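Notes for the structure review
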Amino acid sequence: LISSQLSYFLLSTTTFKMASVYVGNMPYQSTENDLGNFFSQVGHVTKVRIVYDRETNRPKGFAFVEFADEQTAQAAINQFNGADFNGRSLRVNMANNRQ
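On a predicted model such as this, the values are computed, not experimentally measured, just so you know.

For the rest of this paragraph, the subject is the confidence of the model for the chain. Summing up the model confidence of the chain, the mean pLDDT is 88 and the portion of residues at 70 or higher is 81%. Here residues 6-14 scores under 50 on pLDDT; set against residues more than four positions off or in separate chains, the count is zero contacts.

This is the structure:
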């Protein structure tokens, strides 16, 4: 019985697909915590990654926010694309998945 429950758990967790959104036009002084707190208004944020310039180590003005599922990611796009965030109008789209 335990073996079948474990198999079901492993099977169900492998089909669980996270979804990321691209966040552009963000203020350069934003932190990953700022973005995570803002986007958590629509659901559970699993990861935030601000992209930095390799030479200057300064933020490039965009980030990726990861959610537990596609429905929450789509809700973030619907609610926050064009929304004001610390004086900037955010651009929020579904991120392209890397293969």
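Working note: regular strand, side chains alternate between the two faces of the sheet. Relative to strand β3 (residues 59-67), strand β2 (residues 45-52) runs antiparallel, the two sharing six bridges. Each bridged residue has a counterpart across the sheet, and for Lys 47 the counterpart in β3 is Glu 66. Between β2 and β3, which pair antiparallel one after the other, the connecting turn spans six residues, and Asn 57 there sits at a positive phi close to 60 degrees.

Looking at the element boundaries, Ala 95 is found in the segment after β6 (91-94). Sequence separation between Ala 95 and Val 23 is 72 residues; the distance between their C-alpha atoms is 8.7 Å. Setting aside chain neighbours within four positions, we find Ala 95 in contact with Ser 20, Val 21, Tyr 22 and Phe 64.

Definitions and cut-offs
Residues numbered from 1 in each chain as written. Predicted model: local features only at pLDDT ≥ 70, side-chain atom pairs only at ≥ 80, totals over all residues. Heavy atoms only, no water. pLDDT = per-residue confidence, 0-100. Contact = heavy atoms within 4.5 Å. Pairing = 2+ DSSP bridges. Helix = DSSP H or I, 4+ residues; strand = E, 2+ residues; numbered from the N terminus.

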